[in-house]
Amino acid sequence: MKNKKIIIIGAGLLQVPAIQIAQEMGLYTIVFDYNKDAHGMKIADLPMVVSTRDVDGSVRAARDLSKQMEINGVITVGTDASTTVAAVANALGLPGNRFEDAYAASNKIRMRERFKKNNVPQPNFFPVWNYEETIEAFRHLNKPVVLKPADNMGARGVMKVENESDILAAFNRAKSSSPSGEVIIEEYMDGPELSIDMLIYDNEIYVTGVADRIIEYPPFFIETGHIMPSALDKEKIEDAIKVMKDGIKALNLKIGAAKGDIKVTKNGAMVGEIAARLSGGFMSAYTYPLSTGVNLIKNAIEIALGNPPSDLKQKWNKVSVEKAFLPGTGIIESIDGIEKAKNINGIKEVFIKTKVGDILVPPTNNLDKAGNVIAVGNTRDEAIAIANKAIDSVHFRLTDEKNLTMEEIKRLAQEKLASKFNLSYLFRYSTDEETGLSNYTFCPNIIHEEKPIKLETTIFNTHVAQPIIIDTIHNLKEAIDGIMDIREYYQITMDVASSCEVLAILNDFNDEELFELSIKIIKEHKRGIIMLNGNNSEEVLMHRAKESQRNGACVVGIDLSYCYDINLIEKNKIFIKSEKELNNLRKSLDIPLIIKGLSNDKDIENMFNKNINSLYFSNNNKYLLKGIKKVSDTINKIALNLHGSRHKMQINMLAESPRYGSDLFKYFMLGANAVCITEESFIATVSKGRKGLEYMIYSNKEELEKMMKVFGKSELKYDSDIIYKN
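Now for a look at the structure at hand. (Residues numbered from 1 in each chain as written. Predicted model: local features only at pLDDT ≥ 70, side-chain atom pairs only at ≥ 80, totals over all residues. Heavy atoms only, no water.)

## Points about the sheet that holds strand β23 (residues 468-470)
- The parallel closed barrel is built from eight strands, whose spatial order is β23-β24-β25-β26-β27-β28-β29-β30. Between one strand axis and the next, the sheet turns through 25° on average, direction left out of account.
- Bridge count for β23 against strand β24 (residues 503-507) is two bridges, and the pairing is parallel. Its bridge partner being in β24, Ile 470 is matched across the sheet by Ala 504.
- Seen against the sheet, helix α17 (residues 512-525) touches β24 and β25 (528-533) and runs at an angle of roughly 165° to β25. (Pairing = 2+ DSSP bridges. Helix = DSSP H or I, 4+ residues; strand = E, 2+ residues; numbered from the N terminus. Axes fitted to C-alpha atoms, helices over the stretch in contact; angles between N-to-C directions. Contact = heavy atoms within 4.5 Å.)

## Side note on the environment of Tyr 34
- On the secondary structure map, Tyr 34 appears in the loop between β2 (28-33) and β3 (46-49).
- It is 4.7 Å that separates the C-alpha atoms of Tyr 34 and Val 50, two residues lying 16 residues apart in sequence.
- Excluding residues within four positions of it along the chain, Tyr 34 makes contact with Val 49, Val 50, Ser 51, Pro 452 and Ile 453.

## Points about the sheet that holds strand β18 (residues 371-377)
- The sheet built from eight strands is open, its strands ordered β13-β12-β9-β10-β11-β14-β18-β16 with antiparallel pairing. Strand pairing shows two members of the sheet lacking a second neighbour, β13 (268-275) and β16 (347-352), which therefore form its edges. Across the sheet, the axes of successive neighbouring strands diverge by a mean angle of 25°, strand direction being ignored.
- Bridging between β16 and β18 involves five bridges; their strand directions are antiparallel. In the sheet register, Ile 347 faces β18, and the bridge partner there is Ala 375.

## Thoughts on the packing of helix α16 (residues 486-499) against helix α24 (residues 679-711)
- It is the contact of α16 with α24, at a shortest axis distance of 10 Å, that shows an interaxial angle of 5°. Considering their axes alone, α16 and α24 lie roughly parallel with respect to each other. From α16, Tyr 489, Ile 492, Thr 493, Asp 495, Val 496 and Ser 499 reach across to α24, where they touch Ser 681, Phe 682, Thr 685, Val 686, Gly 689, Arg 690, Leu 693, Glu 694, Ile 697 and Tyr 698.
- Class assignment for the residues of the contact of α16 with α24 results in eight nonpolar, five polar and three charged. (Parallel < 35°, antiparallel > 145°, perpendicular 65-115°, else oblique. Nonpolar A, V, L, I, M, F, W, Y, C, P; charged D, E, K, R; others polar.)

## Side note on helix α7 (residues 167-176)
- Among the residues of α7, those classed as buried are Ile 167, Ala 170, Phe 171 and Ala 174. Buried residues of α7, seen end-on, are gathered within an arc of 100° and therefore sit on one face of the element.
- Tucked inside the fold, the buried residues of α7 contact β5 (125-128), α6 (131-140), β6 (145-149), β7 (159-161) and β8 (183-187). (Buried < 20%, exposed > 50% of the residue type's maximum accessible area, 1.4 Å probe, protein only. Arc of directions from axis to C-beta.)

## Some words on helix α21 (residues 601-609)
- Turning to α21, its buried residues number three or more, namely Ile 604, Asn 606, Met 607 and Phe 608.
- A positive phi of about 60° marks Asn 611, the residue just after α21.

## Quick look at the pattern of salt bridges
- For the structure shown, the criterion picks out 37 salt bridges.
- Residue Glu 186 is joined to Arg 112 by a salt bridge in which the shortest nitrogen-to-oxygen separation is 2.9 Å. A residue pair is termed long-range when its members are at least 10 positions apart, and Glu 186 in strand β8 and Arg 112 in helix α5 (residues 108-117) qualify at 74 residues.
- Asp 485 is paired through a salt bridge with Arg 487; the nearest N and O atoms lie 3.7 Å apart.
- A relative accessible area of 39% places Asp 485 in the partly exposed class.
- Through salt bridges with shared partners, a single network forms among Glu 193, Arg 213, Glu 223, Lys 259 and Asp 261. (Salt bridge = Lys/Arg side-chain N within 4 Å of Asp/Glu carboxyl O.)

Below, the structure written as structure tokens:
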């Protein structure tokens, strides 16, 4: 195997064992995934940023590679990328199935049509495109039925329906989960379900694992675990194996792996589905090897390279169990007991997929799990008991406010701030006077392929889960007086920003004590921004900026908004800044410098000329001058100029947004690189403290993802095609 090279499609948690095993075999691993930060990309010999769903892109990348080196095989494990594997194999002349056969094993409609043609036992079904067709099909099928997207995995969009009144909701769920929009409706198969892995080589089909699947949470189909080997009668297992082999032949799968979900009904075994790959759900990589001593993935890799499987002989007979963490609903406040669970005798792996700050929802698909444990024992009862003990050892502490909403957060904040007459602006219905966003209209692009949504990015050399920054309102000191200690407010802001992986700004408000507090809190987290009031001498600003850098701030900002305060100018209490001063400050720092409060085109051009390329545009209520240019207009003009002139300078534009959600999406489409949320952040923190701010951040994430899905955006980047000025 030495010096041979294999392409592995996918770099997620379930593909990591395949990458590691290939490397242990002496293979050079080339890994394709759209997420450059995925687990497998970090250990691959050659990571390549290519989506597993991008068949054409994967083929182009593979062909380009084949001109530089010899590629010996291509494989995937545990993810629905068999069409991509087949296309690459066909293009490079590698061992693999025909593309049309792999496609039939990926599309449930094509699959069912082949099974029907070859008399493979399965439920009655209809492909449907719209609601009317679905209702008509429902009336011709035995009840209950199941609606599914034709081309997705992980039980996304799958729902059991008993009554005609529920068809519309189920159809919409399935339709929205299908990249192609294809939906299938079929009769529900009652009975236990088996998960079966098989390998195929040289007209021989090898059975490599039969497990009992545990499916719960109706009307959805959530696999809460599986147990290897199955406890069903031998005759029923043999019937299921025969049906799956018939299904493999009907799909014309000639080489590689096959994973089947087989239902054992009162009328015999029937096919749920068969995929042209090894199973996910930790079966092929963990429970089967632990149960039998057979390295299944190694044998699958050998087949992908054109060789027969070398060692499928069972070494021992043990029982292995995979079980999911499903701790309930709410915001995760803490996770304890992980190490305790790992130290339990018989526990082989503990996977935690969530973190503090994540919102847990009632599961509707197999991605809604908080984690998994893998256990092994000498008997079925022993293995199940070990898995249950590990599940019970890990404690997810959740907020008890399961019905938390932004409306409730605002109501409570309004009650707390009722005596603050200068804060009425926080609860106004519209913020268009400050932002100018109402002057911009969406032009939706709703006919498009589903794209993988990526909110994660890097801002100021810091990884963030979404490109937002938590900022304070301009009159925080007066607003919070008597409501909450400002020290507590700043601590909550930075703690939540760190746990939710976003950035936060702490303002010094030209107060030495507040500056020292900000420094202390920033030092603990190393991911905050200190915003200095610019109405100070160059000497004071230089000292504070360097102190901020020394204590771990990732950015220093200078707020020049005070320049709009005519009263200060009249009282000679204002320090006007020159280009030279700001440039000296920039040169003295090793971290980025943000300038906040600019609006004039000449000021902006001067900053760019001095290589100060991070600007924060804010329509500050306190200093708002009548007729001042709106943030939305300023950002859009700069973005248009940059894209029109092919400017090579990297510009970071930050926009202040009083609100979260769709307003933020507009800013990103207009050209902003990050958006600073002010008023909603304050309202959430004052209302519910840490929980309120966490909820606001994750609600914003959900809103942005919805907007991106509607407009076909995979990343939050400037796009003049979907937004225009009235």
